[in-house]
Amino acid sequence: MRITLIVGVVTVTAVTAPSASAEIIDGANWADEVVEYSANIQNYDGFLMDEDMEWWLLKEPDCDVNENGYAWDPVDQDTVAGWRTTDAGEYVVMYWEHGLLDRSGDDLSIILYGGPFADAEVSASVDGVVYRLIGTIGGGTPGYLREETLDFAGLFDTCVHYVQVLRVASGPQTGMFFDAFGGDVYWGDFDGDCDIDLYDFASLQVCFSGDGGGIWGRACAPGDFDRDDDIDGDDWASFADEFTGPVQ
Ligand SMILES: [Ca+2]
Ligand SMILES: [Ca+2]
Ligand SMILES: [Ca+2]
Ligand SMILES: [Ca+2]
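Residues numbered from 1 in each chain as written. Chains lettered and ligands numbered in written order. Predicted model: local features only at pLDDT ≥ 70, side-chain atom pairs only at ≥ 80, totals over all residues.

Caption draft 1: The overall build of the protein, seen in detail. For the protein, the count of helices and strands is 2 helices and 12 strands. Mapped in sequence order, the helices and strands of the protein form the string β-β-β-β-β-β-β-β-β-β-β-β-α-α. The C-alpha radius of gyration computed for the protein amounts to 19 Å, which stays within 12% of the reference 18 Å derived for 248 residues, consistent with globular compactness. C-alpha extents for the protein along the principal axes are approximately 65 × 40 × 30 Å. When burial is assessed residue by residue, the protein has 41% of its 248 residues classed as buried. (Helix = DSSP H or I, 4+ residues; strand = E, 2+ residues; numbered from the N terminus. Rg over C-alpha atoms; globule rule 2.2 N^0.38 Å. Buried ≥ 20, exposed ≤ 12 C-beta atoms within 10 Å, placed from the backbone.)

Caption draft 2: View of the environment of Tyr-162. With respect to the helices and strands, the residue Tyr-162 is situated in strand β11 (residues 160-167). Under the C-beta neighbour-count criterion, Tyr-162 is labelled buried, with 23 such atoms within 10 Å. For the pair Tyr-162 and Leu-100, spaced 62 residues apart in sequence, the C-alpha separation works out to 9.1 Å. Once residues within four sequence positions are removed from consideration, Tyr-162 is found in contact with Val-93, Met-94, Tyr-95, Ala-124, Ser-125 and Gly-128. (Contact = placed C-beta atoms within 7 Å.)

Caption draft 3: Structural context of the environment of Tyr-70. If you trace the backbone, Tyr-70 turns up in the loop between β4 (41-42) and β5 (81-83). Its 15 C-beta neighbours within 10 Å are what place Tyr-70 among the partly exposed residues.

Caption draft 4: A look at the nonpolar core. Leu-57, Met-94 and Phe-178 are the most contacted members of the largest nonpolar core, which has 59 residues in total. Both domains that meet at this core, namely domain 1 (7-20 + 187-242) and domain 2 (28-184), each give it at least three residues. (Core = buried A, V, L, I, M, F, W, Y, C linked by C-beta atoms within 7 Å. Domains from an automatic or database assignment.)

Caption draft 5: Focus on the domain arrangement of the protein. If you check the domain split of the protein, you get domain 1 (7-20 + 187-242) and domain 2 (28-184). Taken over C-alpha atoms, the centre of domain 1 sits 30 Å from the centre of domain 2. Residue classes in the side of domain 1 that touches domain 2 are distributed as 2 nonpolar, 2 polar and 1 charged. (Nonpolar A, V, L, I, M, F, W, Y, C, P; charged D, E, K, R; others polar.)

Caption draft 6: Representation of helix α1 (residues 198-207) within the structure. α1 sits mainly inside the fold: 7 of its 10 residues count as buried. For α1, every residue scored as buried is listed here: Leu-198, Tyr-199, Asp-200, Phe-201, Ser-203, Leu-204 and Cys-207. In the core, the buried residues of α1 are packed alongside α2 (233-242).

Caption draft 7: Structural detail: unusual backbone geometry. Positive phi, close to 50°, is recorded for Asp-26, a residue that is not glycine. Tracing the backbone shows Asp-26 in the loop between β1 (23-25) and β2 (28-30). Given 8 C-beta atoms within a 10 Å radius, Asp-26 is considered exposed. Backbone geometry at Cys-194 places phi at a positive 70°, although glycine is not the residue there. Relative to the assigned elements, Cys-194 resides in the loop between β12 (176-184) and α1.

Caption draft 8: Quick peek at the sheet that holds strand β6 (residues 91-100). If you trace the 5 strands from one edge of the open sheet to the other, you get β3-β6-β11-β8-β9, paired in antiparallel fashion. One side of each edge strand has no neighbouring strand; the edge strands of this open sheet are β3 (33-37) and β9 (131-138). Going from strand to strand, the sheet's axes swing by 25° on average, the running direction of each strand aside. Here β3 runs beside β6; their pairing, made up of 4 bridges, is antiparallel. Each bridged residue has a counterpart across the sheet, and for Val-34 the counterpart in β6 is Met-94. (Pairing = 2+ DSSP bridges. Axes fitted to C-alpha atoms, helices over the stretch in contact; angles between N-to-C directions.)

Caption draft 9: Here's a closer look at the confidence of the model for the protein. For the protein, per-residue confidence averages 90 on the pLDDT scale, and residues scoring 70 or more make up 91% of the total. Overall, residues 1-19 carries pLDDT values under 50, and its contacts beyond four positions in sequence, including any with other chains, amount to 24 contacts. (pLDDT = per-residue confidence, 0-100.)

Caption draft 10: Region of the structure containing the pairing of β6. Among the 10 residues in β6, 7 count as buried, and that is most of the element. Bridge count between β6 and β11: 6 bridges; the pairing is antiparallel. If you follow Leu-100 over to β11, its bridge partner there is Val-160.

Okay, here's the thing in structure tokens:
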């Protein structure tokens with residue numbers, strides 16, 4: 001649907017400044033925070049995760065520097081976190097500033113490695129209160145990174161902001177280590193509230209850089225529909241095409 005934006009007709013009373021924490025990198029929307037985790041979450045070297053080390057799980061995948069798919073090479077960084085003990089019940093909860101939309105097909109991507117008998121339940125939530133199971137992730141080859149993708153499958157009436165991974169397997173060779181959690185960017189939704197409305201339009205105006213003009217900070221990243229590092233007339237046209245108005 002093509003709509004014409006006539007800003008003068010509607011007063012935009014508050015321009016919500018998009019958060020600078022949204023990690024939109026190379027067209028993917030990576031988790032912004034670890035909001036909760038059980039007591040025994042560690043990196044591969046055995047250091048317990050604390051609030052200064054939550055970045056192990058954030059942003060884009062970063063534990064396979066030499067890109068051979070194997071995370072334990074001497075040159076690779078140990079930027080993963082996972083289960084310390086052999087007990088079930090360990091968990092992590094990830095948060096996205098910009099919510100993840102339920103699109104056709106899979107919506108969530110988890111980069112991890114784990115033991116052959118690993119098993120965990122993945123649940124998602126709009127509000128961090130009510131979680132729904134979206135699938136399970138199982139075992140693999142220790143040290144070899146893989147990507148698991150899961151589908152929100154119509155379970156949520158708006159964007160997902162929280163994802164919990166809960167360990168259900170216990171015993172030997174059930175360890176799991178996570179590198180990153182990501183999904184698709186909802187282009188045009190600058191304020192992350194799962195619509196493209198006049199508040200987003202105000203951000204588009206502020207962020208407009210013109211052909212080849214660059215992206216003025218992370219807060220402007222959701223406006224680069226065609227991912228060519230600017231917000232210009234082409235992006236403006238896409239924005240108009242995708243305009244939803246307030247959804248909630
Ligand atoms: Ca989907
Ligand atoms: Ca990582
Ligand atoms: Ca919005
Ligand atoms: Ca662009």
